[in-house]
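Examination of the molecular architecture
One-letter residues, chain by chain:
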Amino acid sequence: MKRPKGPELKMPDLKVPAFLADVYYDLRDRRLLPLIGLVVVAIVATPFLLGQKPETTAPPETPGVIQALKESGGRRVSSLTVVEANPGLRDYRKRLRGREPLDPFRVVGKPSLKGAQLNEVTAAPASGSSGETSSTSTTNGSSAGGGSAPAPSGGGAGGGGAQPGELPPSGKGHLVLYSYAIDVRIVKSVGGQAQEPIVRKRVLMQTPLPGEKEPVVTFMGPAREGEKATGKALLLVSNQVTEIAGDAKCLSGDEICQLLEVEPGFPVVLTYGEDGVKYTIDVLKLGLVVTGHT
C-alpha cells in the first residue's frame, strides 16, 4: 500500500552564531563542558532547594526532663521546678586532711637583733608646691662615719636655728617639718614722712604683712617654673591697694595687680587705703626653715 504523498516540509536552515560556536568548541577542547553543565544544573536547582522548609529538630532532652516526663506518666509537663542547691560549709577536717593547720598568731622562734646596726638616713626636704609644707624624717642611730648625728638646736613652733636660704639641721629619731619663709624689711610712709623700718624674720607662708590689721600683702610661698623654684617670692596683694611701684612682675590682675612675683633685694612700694599710706616692702631672703618636730 502506498502512502499518499503529502506536502514536503522543509526544515529551516538554522545557523549558529559564530561567537557561540567558537565558545562551544573552545570549551570542548578544554574539557570544560561537564563543569558548565554542573553550574547550569546548580543554578536551576537552587531556587527549589531554598524554597523548601527546613525540618525542625528537637533539642536533646536532659535527664531531668526525662525523669519529669516519666513521673508524669508520659504527659507533657508545663513547667519545671527549680531546686536551690545548698551544699553548706565545707568540713575543715576534709579540707585540711593530712596537713597541720597553721596558726597565724603563733611565733616560731624569737627574733634576734645581734649584730644589727641602724645607719642614720637623712632625706633632703621634698620640694612641694607653693602653700605646701615639705617634711623629712631621720632614723635614730649612728652615722656612716661612726659619729653621732647632732641634735637640732631650738624648738617649739618656730623650729630650729636655720635661716632662710639655708638647709635646716636634721633631727634625730623623730620627724622634722619644714616650710618656706622670708626675711622682709617694711618701711611705712605717712604724709611723705618715712617711719623707722621694721625687719621681720622667718615669716611663714600665708602670713599678712605688715600685720593682720593692715594686710597690705600676704606671703604665699616661692615662685616656680614647672617643678623648680625660681628663688622669688609670691605676694598676694590686698584689694585696698590702689597703686604699685617697683621692679616686680605681675602674675594676675587687670587694673591693680593681685599677685606679685618679687625678687629678693628689689623693694616694692604699695599705696594702701583711702589715706594713701605707702608701704615699701623689701624681701631680704627666701628659704626653708624648721617649723616643728613630732
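Preceding this section is the structure that the text describes.
From a predicted model like this one, the values you see are computed outputs, not experimental measurements.

1. Comments concerning the packing of aromatic side chains
Overall, the coordinates contain two aromatic pairs when judged by the stated rule. Seen in terms of ring centroids, Tyr24 and Tyr25 are 5.4 Å apart; in terms of plane orientation they differ by 70°. Their pairing is edge-to-face. You can call Tyr24 partly exposed: its relative accessible area is 42%. Residue classification places Tyr25 among the partly exposed residues on the basis of a relative accessible area of 42%.

2. A look at the sheet that holds strand E7 (residues 228-237)
Read across the open sheet, the five strands follow the order E5-E6-E7-E10-E9; overall the sheet is antiparallel. Of all strands in the sheet, those bounded by a partner on one side alone are strand E5 (207-210) and strand E9 (249-252). The mean inter-strand angle of the sheet, taken between neighbouring strand axes irrespective of direction, is 40°. Bridge count for strand E6 (residues 215-225) against E7 is seven bridges, and the pairing is antiparallel. Across the sheet, residue Glu225 finds its bridge partner in E7, namely Lys228.

3. Observations regarding helix H2 (residues 33-51)
Taking 1.5 Å per residue, 19 residues should reach 27 Å; H2 reaches 28 Å between its end C-alpha atoms and fits that length. Helix geometry: H2 is bent most strongly at Ala45, by close to 35°, with proline Pro47 lying one to four residues after it. The element H2 is barely covered by neighbouring structure, given that only zero of its 19 residues are classed as buried.

4. Some words on the pattern of salt bridges
Per the counting criterion, the structure on display carries three salt bridges. Of the charged contacts in the structure, one is a salt bridge between Arg30 and Asp26, with a shortest N-O distance of 3.3 Å. Taking relative accessible area as the criterion, Asp26 reaches 36% and is therefore assigned partly exposed. For the salt bridge of Lys188 with Glu214, the shortest nitrogen-to-oxygen distance reads 3.7 Å. In this pair, Lys188 is assigned in strand E2 (residues 175-190) and Glu214 in the loop between E5 and E6, connecting sequence segments 26 residues apart. Judged by its relative accessible area of 23%, Lys188 falls in the partly exposed class. A residue is classified by how much of its surface remains accessible, and Glu214, at 28% relative accessible area, is partly exposed.

5. What about the nonpolar core?
Counting residues in hydrophobic clusters, the biggest one holds 29 residues, and the most contacted among them are Ile182, Val217, Leu260 and Leu270. When contributions to this core are tallied by element, the ones reaching two or more residues are E2, E6, E7, strand E10 (259-262), strand E11 (268-272) and strand E12 (277-293). Here this core gets seven residues from one element, more than from any other, and that element is E12.

6. Side note on the pairing of E12
The buried fraction of E12 amounts to 12 of the 17 residues, a majority that puts the element mostly inside the structure. For E11 and E12, the ladder comprises five bridges, and the chain directions are antiparallel. Each bridged residue has a counterpart across the sheet, and for Leu270 the counterpart in E12 is Tyr279. Between the end of E11 and the start of E12, which pair antiparallel, lie four residues, with Gly273 showing a positive phi angle near 75°.

7. Structural notes on the environment of Glu255
Tracing the backbone through its elements, the reader meets Glu255 in the loop between E9 and E10. Classification of Glu255 by relative accessible area gives exposed; the value is 79%. Separated by 13 residues in sequence, Glu255 and Thr242 have C-alpha atoms that sit 9.2 Å apart.

8. Looking at a nonpolar patch on the surface
Taken together, the side chains of Leu32, Leu35, Ile36, Leu38, Val39, Val40, Ile43, Val44 and Phe48 present a nonpolar region at the surface, about 860 Å² in accessible area. On the secondary structure map, Ile36 appears in helix H2.

9. A short note on unusual backbone geometry
With an omega dihedral of 0°, the bond running from Leu209 to Pro210 counts as a cis peptide bond. With respect to the helices, strands and loops of the structure, Pro210 is situated in strand E5. With phi around 65°, Gln206 is a residue other than glycine that occupies positive phi space. Looking at the secondary structure, you find Gln206 in the loop between strand E4 (198-204) and E5.

10. A closer look at the side chain of Thr271
Tracing the sequence through the fold places Thr271 in strand E11. A relative accessible area of 8% means that Thr271 is categorised as buried. Here the side chain of Thr271 touches Lys278 through a polar contact of 3.0 Å, side chain to side chain. Discounting residues that sit within four places of it in the chain, Thr271 has contacts with Gln240, Val241, Thr242, Glu243, Gly276, Val277 and Lys278.

About the thresholds
- Residues numbered from 1 in each chain as written.
- Predicted model: local features only at pLDDT ≥ 70, side-chain atom pairs only at ≥ 80, totals over all residues.
- Heavy atoms only, no water.
- Phe/Tyr/Trp six-rings, centres within 6.5 Å; stacked < 30°, edge-to-face > 60°.
- Buried < 20%, exposed > 50% of the residue type's maximum accessible area, 1.4 Å probe, protein only.
- Pairing = 2+ DSSP bridges.
- Helix = DSSP H or I, 4+ residues; strand = E, 2+ residues; numbered from the N terminus.
- Axes fitted to C-alpha atoms, helices over the stretch in contact; angles between N-to-C directions.
- Expected span 1.5 Å × (residues − 1).
- Bend = angle between axes of the 7 residues up to and from the residue.
- Salt bridge = Lys/Arg side-chain N within 4 Å of Asp/Glu carboxyl O.
- Core = buried A, V, L, I, M, F, W, Y, C linked by side-chain atoms within 4.5 Å.
- Patch = residues over 30% accessible without salt bridge, like charges linked within 9 Å, V, L, I, M, F, W, Y side chains within 5 Å.
- Areas by Shrake-Rupley, 256 points an atom, 1.4 Å probe, with all protein chains shown as cover.
- Polar contact = N/O pair within 3.5 Å; in protein donor to acceptor, adjacent residues only side chain to side chain.
- Contact = heavy atoms within 4.5 Å.

Everything listed is a geometric property; what it means functionally is a separate question.
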